[in-house]
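Coordinate inspection notes
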Amino acid sequence: MKRLLLVAVILAAVAVVVIIAVRALRHDSGDLSVNQKAAPAIVIVDPAHGGSDAGSKGDSVVEKDVTLAIANKMSALAGEFAGLKVVLTRSSDTDVTASNRIGAAARENATLYVSIHANAFDSPTAVGIETLVDAGHASGDSAWSLALAVEKATVKSTSAKERGVRAQGTAFTGLAIPAAAVYVGFITAPEERAKLVSPAYQEQVARGILQGISDYLAAGSAGASTEP
């Protein structure tokens, strides 16, 4: 009888040890998942122009105001897109040097760089969204992939005319991370200008750009080299 009692005590003690060990493993596993959670992709969003540099003008609307409004909306909406952190090169109507704009990528250890512009043309009938990559990049590299994803998603979000992606000399030549410049519409086209100053439309543009960035990251392209 005493032997059976001793065995029961030993088994109970073993059961307690097992329960404690399992709980400890679960706790460690939870901590590990938190610790190993991927850091957000830091996206530099650069609203073109600002301060004394008004940019393009259409009637009484200036480019610097349109780009800033869209960038601020991107910053406000970024929390809805998992894994993204938006850092603005300016959040108000201030002058920002080209070196400070580009330097933000290194300062923030950024993953991507997106510049926002409004387009202009002599003819008021020119409309639509287009996205640029620096001319130093070969078609198919990660900068092109980013530009294509942003162009597609922004056009889908706004139902604007798709002008496509093209290469051109840009201010972000030499950036070692994927970079693109989104021209969100023509400030010289009356109908499109009216949209570009609408907060609701600005939000559609902002969501489209963010969705394009998210789509690009989801495709797993961010690790590719983009150096010319």
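Scope of this entry: the structure provided in the associated data block. (Residues numbered from 1 in each chain as written. Predicted model: local features only at pLDDT ≥ 70, side-chain atom pairs only at ≥ 80, totals over all residues. Heavy atoms only, no water.)

Concerning the pattern of salt bridges
Our working rule: We define a salt bridge as a side-chain nitrogen of Lys or Arg found within 4 Å of a carboxyl oxygen belonging to Asp or Glu. A run of DSSP states H or I qualifies as a helix once it reaches four residues; a run of E qualifies as a strand once it reaches two. Both are numbered from the N-terminal end. Relative accessibility thresholds used throughout: buried, under 20% of the residue-type maximum; exposed, over 50%; partly exposed, between the two (1.4 Å probe, protein chains only).
Tallying each qualifying case throughout the model produces 6 salt bridges. Its salt-bridge partner being glutamate 130, residue arginine 163 comes within 4.0 Å of it at the nearest N-O pair. Taken together, the residues span a long stretch of sequence, with arginine 163 in strand E7 (residues 162-168) and glutamate 130 in strand E6 (residues 129-134) at a distance of 33 residues. A residue is classified by how much of its surface remains accessible, and arginine 163, at 36% relative accessible area, is partly exposed. Of the residues examined, glutamate 130 reaches a relative accessible area of 7% and is grouped as buried.

Quick word on the sheet that holds strand E8 (residues 179-186)
Our working definition: Two strands form a pair only when DSSP identifies at least two bridges running between them. Axes here mean lines fitted to C-alpha atoms, for a helix over just the part in contact, with angles spanning 0 to 180 degrees between N-to-C directions. Residues are treated as being in contact if the distance between any of their heavy atoms lies within 4.5 Å.
Taken together, 6 strands build an open sheet; the order of strands is E4-E1-E5-E8-E6-E7 and the sheet is mixed. Taken across any chain shown, the strands that pair with only one partner, and hence form the sheet edges, are strand E4 (84-88) and E7. Along the sheet, successive strands turn relative to each other by an average axial angle of 25°, direction set aside. Packed onto the sheet, helix H6 (residues 199-218) meets strand E1 (41-47), E4, strand E5 (112-119) and E8 and runs at close to 150° relative to E5.

So, the environment of alanine 126
Considering the arrangement of structural elements, one finds alanine 126 in the loop between E5 and E6. For alanine 126, a relative accessible area of 12% corresponds to the buried category. Between the C-alpha atom of alanine 126 and that of lysine 161, which follows or precedes it by 35 residues, the distance is 9.9 Å. Excluding its chain neighbours within four sequence positions, the residues that come into contact with alanine 126 are Phe121, Phe186, Ala189 and Glu192.

Re the packing of helix H4 (residues 142-158) against H6
A pair of packed helices is captured by two measures, namely the crossing angle of their axes and the spacing between those axes. Where we set the bar: The sense of a crossing depends on the near helix, which, turned anticlockwise from the far helix by less than a right angle, makes the crossing left-handed and, turned clockwise, makes it right-handed.
In contact at an axis separation of 7 Å, H4 and H6 are set at 145° when each is read in the N-to-C sense. The handedness of the crossing between H4 and H6 is right-handed. Contacts between H4 and H6 involve Ser142, Ser145, Leu146, Ala149, Val150, Ala153, Thr154, Ser157 and Thr158 from the first element and Tyr201, Gln204, Val205, Arg207, Gly208, Ile209, Gln211, Gly212, Ile213, Asp215 and Tyr216 from the second.

Some details on the pairing of E5
Strand residues, when the strand is regular, have side chains that alternate between the two faces of the sheet. Across the 8 residues that make up E5, a large majority, 8, are buried. Along E5, one buried face is formed by Leu112, Val114, Ile116 and Ala118 and the opposite face, lined by Tyr113, Ser115, His117 and Asn119, is buried too. Relative to E5, E1 runs parallel, the two sharing 5 bridges. Within E5, the residue paired with proline 47 across the bridge is isoleucine 116. Bridge analysis of E5 against E8 gives 6 bridges, and the strand direction is parallel. Opposite isoleucine 116, over in E8, you have valine 182 as the bridge partner.

Some thoughts on the pairing of E7
Counted only if it meets this: A crossover counts as right-handed when, viewed with the strands pointing away from the observer, the path leading from the first strand over the helix to the second turns clockwise.
Where E6 and E7 come together, 6 bridges link them in parallel fashion. Opposite leucine 132, over in E7, you have arginine 166 as the bridge partner. Note that the unit made of E6, H4 and E7 has a crossover that is right-handed.

Description of H4
The condition is simple: To estimate the expected span of a helix, count its residues, drop one, and scale the result by 1.5 Å. Residues adjacent in sequence count toward polar contacts only when both atoms are side-chain atoms; beyond that, a polar contact is any pair of N or O atoms within 3.5 Å, and within protein one must be able to donate a hydrogen and the other to accept it.
Here H4 contains 17 residues, and its C-alpha end-to-end distance of 24 Å stays within 8% of the 24 Å for a straight helix at 1.5 Å per residue. Along H4, the residues classified as buried are Ser142, Ala143, Trp144, Leu146, Ala147, Ala149, Val150, Glu151, Ala153, Thr154, Val155 and Thr158. Residues of H4 that are buried make contact with E5, E6, E7, E8 and H6. The opening residue of H4, the one whose side-chain oxygen lies 3.1 Å from the backbone nitrogen of alanine 143, is aspartate 141. After H4 finishes, the residue serine 159 shows a positive phi value of roughly 65°.

Quick look at the nonpolar core
Stated formally: Working definition of a nonpolar core: buried Ala, Val, Leu, Ile, Met, Phe, Trp, Tyr and Cys residues. They are joined through side-chain atoms within 4.5 Å.
Ranked by size, the top nonpolar core spans 40 residues in total, and within it Ile70, Met74, Ile116, Leu146, Val184, Ile209 and Ile213 carry the most contacts. Breaking this core down by element, the ones donating at least two residues are E1, helix H2 (63-77), E4, E5, E6, H4, E8 and H6. Once residues within four sequence positions are removed from consideration, isoleucine 213 is found in contact with Val43, Met74, Leu84, Leu112, Val114, Leu146 and Val150. Within the second largest apolar cluster, 14 residues are counted, among which are Ile42, Ala110, Phe172 and Ala179.

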